[in-house]
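Chain and residue survey
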Amino acid sequence: MAAKKSKNIYFFGGGRADGNKDMKDLLGGKGANLAEMAGLGIPVPPGFTITTRMCHIYFKNRRRLPRQFLEDLHRAMARLERMTGKKFGNPSNPLLVSVRSGAPVSMPGMMDTILNLGLNDRTVRGLEKLTGDRRFALDSYRRLIMMFGDVVLRIPREEFDKVFEGFKARAGVKTDVEVPPDVLADIVEEFKSIVQDKTGKPFPQNVYKQLEMAVAAVFLSWNNPRAIYYRKQNNIPDDMGTAVNVQTMVFGNMGDDSATGVGFTRNPATGEKEFYGEYLTNAQGEDVVAGVRTPKKITALKEEMPEVYRELIKIAQRLEKHYRDMQDIEFTIEKGKLYLLQTRAGKRTARAAVKIAVDMVKERLITREEAVLRVDPHVLNQLLHPVISIDAEYTPLAKGLGASPGAAVGKVVFSADAAVEWAAKGEPVILVRKETSPEDIHGMDAAQGILTSRGGMTSHAAVVARHMGKPCVVGCEELEIDDNRKRFKVSGTIVNEGDFITIDGSTGEVILGQLPLEDPQISGEFEEFMSWADKFRKLRVRANADTPGDARLAREFGAEGIGLCRTEHMFFGEERIGVMQAMIMAETTSERKKYLDQLEPMQAEDFEGIFEAMEGYPVTIRLLDPPLHEFLPTAEEIKKSIEEEESKDNPDRDRLEQLRKLLARTEELKEFNPMLGLRGVRLGLLYPEVYQMQVRAIIKAALRCRKRGIKVTPEIMIPLVGIEGEISKMNEMVRYVADALVKEAGIKLEYKVGTMVEVPRAALTADEIARHAEFFSFGTNDLTQTTFGFSRDDSAKIIKTYLEYSTRCEKCGGELDESFTCGTCGGTYSMKPAPILDTDPFQTLDVSGVGELMKIAIEKGRSVRRDLKLGICGEHGGDPASVEYCHNLGLEYVSCSPYRVPIARLAAAQATIRAKQKARQDKKTSKKKRKKRA
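Residues numbered from 1 in each chain as written. Predicted model: local features only at pLDDT ≥ 70, side-chain atom pairs only at ≥ 80, totals over all residues. Heavy atoms only, no water.

A short note on the environment of Pro 880
Note the following rule: Secondary structure elements are taken from DSSP: a helix is a run of H or I of four residues or more, a strand is a run of E of two residues or more, and numbering for both begins at the N terminus. Throughout this description, buried means an accessible area under 20% of the type-specific maximum (1.4 Å probe, protein chains only), exposed means over 50%, and partly exposed covers the range between. Note on definitions: a residue-residue contact is assigned when non-hydrogen atoms from the two residues lie within 4.5 Å.
Relative to the helices and strands, Pro 880 resides in helix H32 (residues 880-889). What makes Pro 880 buried here is its relative accessible area of 10%. For the pair Pro 880 and Thr 844, spaced 36 residues apart in the sequence, the C-alpha separation amounts to 8.4 Å. Dropping the residues within four chain positions of it, Pro 880 is found in contact with Pro 377, His 378, Ile 903 and Ala 907.

Here is the structure:
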């Protein structure tokens, strides 16, 4: 029996559709939602979607469309002709289509689109005759040649732009819509000459050839550099592929009764419940998002086309209610008739996401559980961005549209490549462009903020900046940008590349120079939203904090204790580092103790402030961890000081002797691999007086707090333990010192002694170690380092190469070009080769390696101590994916930097909700299986 042929083309339009909104994996987000809208009876231009399955086939077939599929494609066009009453390639009544991408996950602007496909030298005359509008027909044709040339034929768009701008200048016009028909006719001929010159072939006149080439080009755009970069930045799998949507063209550029626009059912920047958007009359969709003209606010449509506006609002409200989420819609008005071209869940700022989630719960559109799942934990970073200090005095240099909130300060650069280059040197930069395009995404990512002279709130710059959480100002038309001379001018003021500016993405203001910024305050709806998250989550969230100030900030962000207080940071204060260095230089134990006695009250004062700020929540204090040489100048620095002193006419002999002793001690402490040398517990065992001083400081601070009526829960953590004997001896010493102080004070004080699990042996022998440790805190930064054998300080280049190894040939290691052809051996790949690492293991927990060690440690540890307390204190504690893994492992808490505490709280809540949903689903599946067996 022959295998059933897979369906690869799904139709929509005319109130009917083959698919629906739940088929995004197959039809892509755009195709699935077009089908859904068509099924709801919303006016959608008819068309069909080519599945993501065909995208995979295209790449596996060495980037060729199978013959059988091409036959199916021609039949699909014949059906579309019947649906529309028009003929593809027929000059009397030409059918024109758009060819657009549509991935299962929204990737705005990252892949390619071709409009007006089906026009050629014959059909353009037919379109002119049919519409009676020569200008419209020629404008549509020049757009097709330019887009087709750029997307399909790979001719740089600048080649066309340069010609177009030259014709406009000679015609004495400023805007595209002012270009007269005769000039457009000349532009079309010049565009066709560019195609001939650059490709050696004429612009294709066969409309089916145009269609086949366009479909292939859109599939190929799944693997263009900006799409690959976007997927990497947003953790989108490379193997999803894109669908292709072929849709009947409707025209917003047919005169003043035609328009095109983008709308949001709620304000994407603030979350306010208002229809928000922009449109352009006599334009096509690319004009709005490309920012070539500054669009009008959507409210102006109410005056220009009141009936269309009312219909648009009605449809927008219906879509939001149907999808139960804020919608981002694209529309075109052709001769007074409204068409919807797309709907999708709208991108929004963190502020808007929280407000929309809270409001929709109150409107009974969604549950609190759904609201908590709606907000991506990563975007909460946006709420924590700095703002311009309230005390700052300034006069704005210019004002545009505040497109993405937050303030940024940086040096002006005028290209994406320059932004990356300067940022790599540690320079904060503001990317200044006339308008951005998807090719600029790497520069936008590197910049502190983005400023454009064109475009509106739905332009590329605005949408991408909001998604990235970058402050952004768009449509600042006062800016006269000169890319060649690398400067911009505003009313006589010239700002050169490298000059500092400040931008405010909330107000749209641009200010010359560096303004002071301050941290925002969190309150109101955010607190309400986070209170819901806190009710769902099981994991507690602590902070890594080393000072009373950090501890207070952590509490403001909702931290429920401190999971890691690094005591070594306290010794770097100006009045302390000298004493610390003297202690290291000491040659006898008694001399060391003399300096340790000076350090003890300083440490105790810090601990007391931290205990006070934590208000009774647990505080885990790690005893001194780094090697002693880190507190001393480097040998090179000391040698330079010696040379400078010796070169003086009257060198200070005492100072020289001191420097030489310091050099000798530095050389004595030098290790080939200090991260695996004399540090952590080893330091405490060789120099027990150091750890004894720290324990005394902790306990004395805790006792002073108890006397003042402040509840304290100190947890003393021994770092780098890997052998049972290490923790057993340190546990005895800590308790001996602590218990003596508690007994002397006559105050009841509970404290815990535990260890940081940060070497593989500690995990593998956790049952032995747990006999002497009341808690384990997984130090995943070092555990990752020791598991992989990667140096945290030196492995960045290696990891970067491993992450990007998909750009190298698997046979010879040569670089691959955009078409995945090796420049060395000539080998080709149908799809991008797999990288060596999918994620940076220092950012997201390595589940299969480090995660397995954690699992072993938990099982072994709890086998001998059932009440063993478990947490994580590496920066993985603030990474949402790692937090979810920690929840599933059964940890009690995660700990991260103060600014990541809200992210961890939300991630922990989502982990709990998803685990419950999975349990419910597993129960249903199990029940079905039992019924089936019965």
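Moving on from the coordinates now.
Comments concerning the pattern of salt bridges
Selection criterion: Throughout this description, the term salt bridge denotes a Lys or Arg side-chain nitrogen within 4 Å of a carboxyl oxygen of Asp or Glu.
Using the criterion set out here, one finds 66 salt bridges in the structure. Between Glu 427 and Lys 411 there is a salt bridge whose closest N-O contact spans 3.1 Å. In this pair, Glu 427 sits in the loop between helix H15 (416-424) and strand S16 (429-433) while Lys 411 sits in strand S15 (residues 407-413), placing the two residues 16 residues apart along the sequence. Its relative accessible area of 29% is what places Glu 427 among the partly exposed residues. We note a salt bridge from Lys 869 to Glu 715, for which the minimum N-O separation is 2.9 Å. Remark: Glu 715 occurs in strand S28 (residues 713-718) and Lys 869 occurs in strand S31 (residues 869-872); sequence separation between them is 154 residues. When its relative accessible area of 17% is taken as the criterion, Lys 869 is described as buried. Residue classification places Glu 715 among the buried positions, given a relative accessible area of 1%. When salt bridges with common partners are traced through the structure, they connect Asp 139, Arg 142, Arg 143, Glu 165, Lys 168 and Asp 176 into a single cluster.

Digging into the nonpolar core
Note the threshold: The definition of a nonpolar core used throughout is a set of buried Ala, Val, Leu, Ile, Met, Phe, Trp, Tyr and Cys residues joined through side-chain atoms within 4.5 Å.
Formed by 106 residues in total, the largest nonpolar core has its most connected members in Phe 611, Ile 699, Ile 718, Phe 778, Met 854 and Leu 891. Broken down by element, the residue count for this core peaks at 11 residues, all from helix H25 (residues 688-707). The residues contacting Ile 718, other than those within four sequence positions of it, are Leu 623, Val 681, Tyr 691, Ile 727, Met 730, Val 734, Val 753, Gly 754, Thr 755 and Met 756. Counting 76 residues, the second largest nonpolar core, distinct from the first, contains Leu 80, Val 97, Met 111 and Val 195.

Remarks on the pairing of strand S7 (residues 259-264)
The condition that has to hold: Strands are labelled as partners when DSSP assigns at least two bridges between them.
Judged by how many residues are buried, S7 sits mostly within the fold: six of six residues are covered. Here six bridges tie S7 to strand S8 (residues 276-281), and the two strands are oriented antiparallel to one another. Within S8, the position partnered with Gly 263 by the bridge is Gly 277. Direction of pairing for S7 relative to strand S10 (residues 327-334): antiparallel, over a ladder of six bridges. When the sheet's bridge partners are listed, Thr 260 is paired in S10 with Thr 332.

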